[in-house]
Structures are given as structure tokens and as C-alpha cells.
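Fold and contact review
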Amino acid sequence: MIEDLGDWRRTHLSSEISPKLEGREVVVCGWVQRIRQLGKLMFIVLRDREGTLQVTVHRNKVKPTLFEKLKKLKNEYVIAVKGIVQASKEAPKGVEILPTEAKILNITNPPLPLDPTGKVPADLDTRLDARIIDLRRPKTFAIFKIRHVLLQSIREFFVKNGFIEVNTPKIIATATEGGTELFPVSYFDRVAYLAQSPQLYKEELTAVFEKVFEIGPVFRAEEHRTTRHLAELIMIDIEEAFATAEDVMRTLEELTIYVFQKLKTECAVELKTLERTLEIPKTPFPRYTYDEILKMLEKDGIVIPWGEDLPTPALRKIGEHLKGPYFITDWPTKSKPFYIKPRNDNPEVCEAFDFMWSWLELASGGTRIHNKELLIERLKNQGLNPESFKYHLQTFDWGMPPHAGFGLGLARLLMIICGVNNIRECVLFPRDIDRLTP
Ligand code: AMO
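Here's a quick rundown of the structure. (Residues numbered from 1 in each chain as written. Predicted model: local features only at pLDDT ≥ 70, side-chain atom pairs only at ≥ 80, totals over all residues. Heavy atoms only, no water.)

A look at the layout of surface pockets
Within this model, the second largest pocket holds a volume of roughly 840 Å³. Elements with a contribution of two residues or more to the lining of the second largest pocket: β1 (25-38), β2 (41-48), β3 (51-58), α4 (138-160) and α7 (268-273). Classifying every residue of the lining of the second largest pocket gives ten nonpolar, seven polar and ten charged. Looking at which domains feed residues into the lining of the second largest pocket, each of domain 1 (14-106) and domain 2 (133-426) supplies at least three. (1 Å grid on protein atoms, 1.4 Å probe; cavity = no way out; pocket = protein on both sides within 12 Å on 5 of 7 lines; lining within 4 Å. Points joined across faces, edges and corners; volume = space filled by probe spheres on them. Helix = DSSP H or I, 4+ residues; strand = E, 2+ residues; numbered from the N terminus. Nonpolar A, V, L, I, M, F, W, Y, C, P; charged D, E, K, R; others polar. Domains from an automatic or database assignment.)

The structure is reproduced here in C-alpha cells:
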């Protein structure tokens, strides 16, 4: 029953079929979204990645063998239809295909675990287990179309601004962001780790390329179950020579405006599917110091000891007051990684920032230490062994410029753009403490 494609080739996507093509023979390919039979008439709604199209079958006008074949169709069968385009007032989009031949390219194994039209609701775990069907649902599809344009525009922005794209190793010998979130892997006769961040490599590369960016996977053995943590994620990292935190914060603002504008024009349809109107935020984004945030929280009865990171309930509370994008600056040095530069006037506070959107942290970054002695001291203060970082440290003897950068979580940015509450919605096949398949 399953046929080969043979020499049939699609001539048009559903979006390209219009009444203007009246009388033309076309070949369309896709999935059967719905079949309706009304006496001698059969309507097949064919779906491809661009949308849907109506194929109208008149029992008396097609070969009996074709009618018999099409009668066997079920939802999500993969078909190719050769036929003539006809303008029709009754048909959706004013156009339909009158088939002359058809091929059934594949069948399905019912029942399907999920409704691909999205009309029947399903919980996230069921959807993720049957992700390929879930991705056919218009809202899920829209998220990943937006992701595609988002990635393209991020890349475009950095290239236009003189950054060079790099890829750094994902199998590494030492931790960069603290040891607890590392995944060990067996590497020939030793233990290696999956990279948590391109941090050390991107810093080193500023000593050559000056401005670099990387878009790549990082791995974090996150033991907690939250709606914003993954074990594998795509991070957008930049690092820039002869720059400070303030410079890369401005880059982050410009990047946000650039991609929002792009998405507004290039993803209007998808944003509508998600019922989103993207407001282009005004720059500069507000800046709050860590101390100001603590004071804000105290007014709400939440007391955070100075020096500690902001826990989820505190972030949620701040999110009630601050709705859009903003920065938190001037973090306690001890709360941030060893490579962040302490302030010259007050070394207890460092030149780090978090880029927030309401309650959600989208990026963090800062000015880095470029003085080797200070870096060694900071490693020791954080209980790390400088010997483990000898390859990184040696590059500081070879002309390391002052530099700054940030790391931005792609899926978190996508959550904000698409207005979804769970980060897993924004990853094709998410990995977390509970999920390793599909
Ligand atoms: P940090 O650890 O803050 O900084 O990570 C940067 C950004 O990456 C995203 N992110 C995550 N997203 C989903 N799941 C996770 N488990 C996860 N962990 C991080 C967040 C976060 O803001 N090297 C520094 C960056 C720098 O200073 O350049 C770093 O990795 O959006």
C-alpha cells in the first residue's frame, strides 16, 4: 500500500497555491489533516509546513481507482496529490485542487498519542513524549519558526557588529562555573567533563580576535526541577576586548532591539498564532544595583543576607514590580565566579550584571579580570586550585587585553518572546533531571 515518491516532485507548497494558478497542473505533498465525506464529495485537508490546502474529490469526475484509494486515507497519512488548481468561492483561501492522481507515501499506526491540530489539549509530558506530532501543532510550530528567525538575527547582529563566530570544545578538563553542576564523561583513560560554558576559551580568544561570539550547547547537571532549568541548553556567548560591563550591557540592549524588530516583521504570522504583540522596549534598560534590589525585597518582607544569590521566590516577588527588561549590577564579589573583576574602589563588589526580564534571568556577564595575579588570588578565594587552570592562566602571560562579555540563554529569551511559562516548550527535545528521551 505504501508507494514510493518515484519521479514525482512537489511543484508548490500550500502557501503558493492561489486562484491565480487556475487550470495549472500541480503536485502537492504533505499530511492528511482531516477528511470529510459528503455524499459524492470528499474533502481532504492536506497540511505541509506552510499551512493547509483543500483537495476536493468529486466521485463522478475522478477514476474509480483514485476514489477508492483516497477513501482509505486516515489522519496524518503522508500523501502526494497531482491535480488541477481550481478557484472556488466555497473553498478556504478561495482555491482547491481537483486530483487526477495520488500516492499514499506512508500510513500511520493509530491511535495517535496526540491531536496534531492542537484542538484537544494535552499535558506537557505527553506532548514531549510525542514531540514530532506535538511540533505539528500550530502553536508549537510557531515557537520553533520564531526560534529559527531569532537565531538568524542574533548571528546577523553580531556579524554586522564585527564579532567573529567561534566554536570551542565541549569536552573539557576543568570546571568554569563551579564544580557541582558538571557532567563527567569517560574520555579514553581519564575523566573529562561536558562544558558548562565557553567562558575560559572565549576570554582567551579576545587576545586574538578581539570580538568573538559563540552559539552552542552547554551542559549543566541541574538537580532541581524548575520551569527555567535544563541540563542541556544553547547559550549565546560573547566576549569583547577593550570593553567593560557597561559596553556589553549596551550590546545586549542593542541586540534585544534588533531581534525584536526583526521578529515583528518576519514572524508576524507566528506571533499572531501565539497571540503575542511584541513591544519594542525602550533603551537604556533600567539598571538596579544588587543593594537596591535587596531594599526592594525588604519592603516586601523578604530579607536576603548580603552576598547571597537571589532565590526563586525573591525573583518572583521582584517580577511583580518590574515587568520588562532591566539589569542588576554591582553584585557581591563572592556571589559571582572567579573571573569577574572586583571594583577598584570596593573589592567586595564586582563588575557583574544579570540581564533580567521580569522575574527571569536571561543573561549574565561582566568585566573580567585580566591581571593574572589577581585571577590566581580569586581562584584561591573560591577554593579552586590554580594548577587546574594552568593552561588558561598561561595565556595571561601572552598579552591578555582587558575584556568583558556575557552569556545569554537562548531558550529563556524565547520564553519571553513567545510568552510561555516552561522552558521545555522552547527546546525541541529537552533534557532535564527526569528526561533523557526522546
Ligand atoms: P550563567 O551561568 O549565569 O553565566 O549562564 C548564563 C545564562 O545561561 C542561561 N542558563 C540556563 N538556562 C537554562 N537552564 C540552565 N540550567 C541554565 N544555566 C544558565 C541563563 C543564564 O543567564 N559564563 C557565564 C556568562 C558570562 O559571564 O559570560 C555563565 O555561564 O539564561
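Next, the rest of the story.
Let's talk about a nonpolar patch on the surface
A contiguous nonpolar patch, built from Met1, Ile2 and Ile107 and spanning about 300 Å² of accessible area, is present on the exposed surface. Note on placement: Ile107 falls in the loop between β5 (95-106) and α2 (124-129). (Patch = residues over 30% accessible without salt bridge, like charges linked within 9 Å, V, L, I, M, F, W, Y side chains within 5 Å. Areas by Shrake-Rupley, 256 points an atom, 1.4 Å probe, with all protein chains shown as cover. Salt bridge = Lys/Arg side-chain N within 4 Å of Asp/Glu carboxyl O.)

Some words on the site of the ligand
For the ligand, the set of nearby residues contains 24 residues, the closest of which are Gln199, Lys202, Arg220, Glu361 and Ser364. At 2.5 Å, a side-chain N or O of Glu361 approaches an oxygen atom of the ligand. Protein contacts shield 93% of the accessible area of the ligand, which totals 620 Å² for the unbound molecule. Those elements giving two or more residues to the shell around the ligand turn out to be α5 (199-205), β11 (232-241), β15 (360-367) and β16 (403-409). (Near = heavy atom within 4 Å. Polar contact = N/O pair within 3.5 Å; in protein donor to acceptor, adjacent residues only side chain to side chain.)

Section: the environment of Ile293
Structurally, Ile293 can be placed in helix α8 (residues 290-299). A relative accessible area of 0% places Ile293 in the buried class. Between the C-alpha atom of Ile293 and that of Glu101, which follows or precedes it by 192 residues, the distance is 67 Å. In this view, Ile293 contacts Tyr288, Leu310, Ile318, Leu322, Tyr326 and Ile328; residues no more than four positions away in its chain are not counted. (Buried < 20%, exposed > 50% of the residue type's maximum accessible area, 1.4 Å probe, protein only. Contact = heavy atoms within 4.5 Å.)

Section: the pairing of β11
With respect to burial, β11 is a largely interior element, eight of its ten residues being buried. Judged from the nine bridges that link them, strand β10 (residues 211-219) and β11 form a sheet pairing that is antiparallel. Bridging across to β11, Val218 finds its partner in Leu233. (Pairing = 2+ DSSP bridges.)

Notes on the sheet that holds strand β8 (residues 184-187)
Here we have three strands laid out as an open sheet, ordered β7-β9-β8, and antiparallel in their pairing. If you trace the sheet from one side to the other, it starts and ends with β7 (171-172) and β8, each paired once. Pairing analysis gives two bridges linking β7 to strand β9 (residues 190-194), with the strands arranged antiparallel. Directly across from Ile171, in β9, lies its bridge partner Leu194.

Quick look at the packing of α4 against helix α6 (residues 245-266)
Axis separation between α4 and α6 bottoms out at 9 Å; the angle between their running directions is 135°. Taken as axis vectors, α4 and α6 run oblique relative to one another. The way α4 lies across α6 gives a crossing that is right-handed. Of the residues in α6, those in contact with Ile146, Val149, Leu150, Ser153, Ile154, Glu156, Phe157, Phe158 and Lys160 of α4 are Thr251, Glu254, Leu255, Tyr258, Val259, Lys262, Leu263 and Glu266. Across the contact of α4 with α6, the residue classes tally to ten nonpolar, two polar and five charged. (Axes fitted to C-alpha atoms, helices over the stretch in contact; angles between N-to-C directions. Parallel < 35°, antiparallel > 145°, perpendicular 65-115°, else oblique. Left-handed = near helix turned anticlockwise from the far one by under 90°.)

Details of the sheet that holds strand β6 (residues 164-165)
Taken in spatial order, the eight strands make up an open sheet running β6-β10-β11-β16-β15-β14-β13-β12, and their pairing is mixed. Strands with a single pairing partner mark the edges of an open sheet, and in this sheet they are β6 and β12 (287-289). Inspection of the sheet shows β15 paired to β16 by five bridges, in the antiparallel sense. Residue pairing across strands places Ser364 opposite Gly407, the latter belonging to β16. Contacts from helix α12 (residues 410-418) reach β11, β14 (349-357), β15 and β16 within the one sheet, and its direction differs from that of β15 by about 135°.

Regarding the packing of aromatic side chains
Scanning all chains against the criterion turns up 16 aromatic pairs. Plain terms: the ring middles of Tyr288 and Tyr326 are 5.8 Å apart, the flat faces sit at 80° to each other, and that makes the pair edge-to-face. Placement of the pair is Tyr288 in strand β12 and Tyr326 in strand β13 (residues 325-332), with a sequence separation of 38 residues. On the basis of relative accessible area, Tyr288 is assigned to the partly exposed category, the value being 22%. Given a relative accessible area of 1%, Tyr326 falls into the buried group. (Phe/Tyr/Trp six-rings, centres within 6.5 Å; stacked < 30°, edge-to-face > 60°.)

Brief notes about helix α10 (residues 372-381)
Residues spaced three or four apart along an α-helix face the same direction, because each turn holds 3.6 residues. Taken as a whole, α10 has its buried residues at Leu375, Ile376, Arg378 and Leu379. For α10, the angular spread of the buried residues around the axis is 165°, confining them to a single face. Residues Glu373, Lys380 and Asn381 are exposed on α10 and point more than 90 degrees away from its buried face. Those residues of α10 that are buried are in contact with α11 (390-394). (Arc of directions from axis to C-beta.)

Examining the nonpolar core
Ranked by internal contacts, the top residues of the largest apolar core, which has 58 residues, are Ile146, Leu150, Ile154, Phe158, Leu252, Leu408 and Ile417. With residues near it in sequence (within four places) discarded, Ile417 still touches Ile146, Leu150, Phe260, Leu263, Leu271, Arg276 and Leu278. In terms of nonpolar packing, the next biggest core, distinct from the first, is built from 29 residues, Ala314, Tyr326, Tyr339 and Phe389 among them. (Core = buried A, V, L, I, M, F, W, Y, C linked by side-chain atoms within 4.5 Å.)

Some points on helix α9 (residues 312-321)
Those residues of α9 that sit buried are Ala314, Leu315, Ile318 and Gly319. An end-on view of α9 places all buried positions within 145° of arc, on one side of the element. Check the buried side of α9 and you find it contacts α8, β13 and β14.

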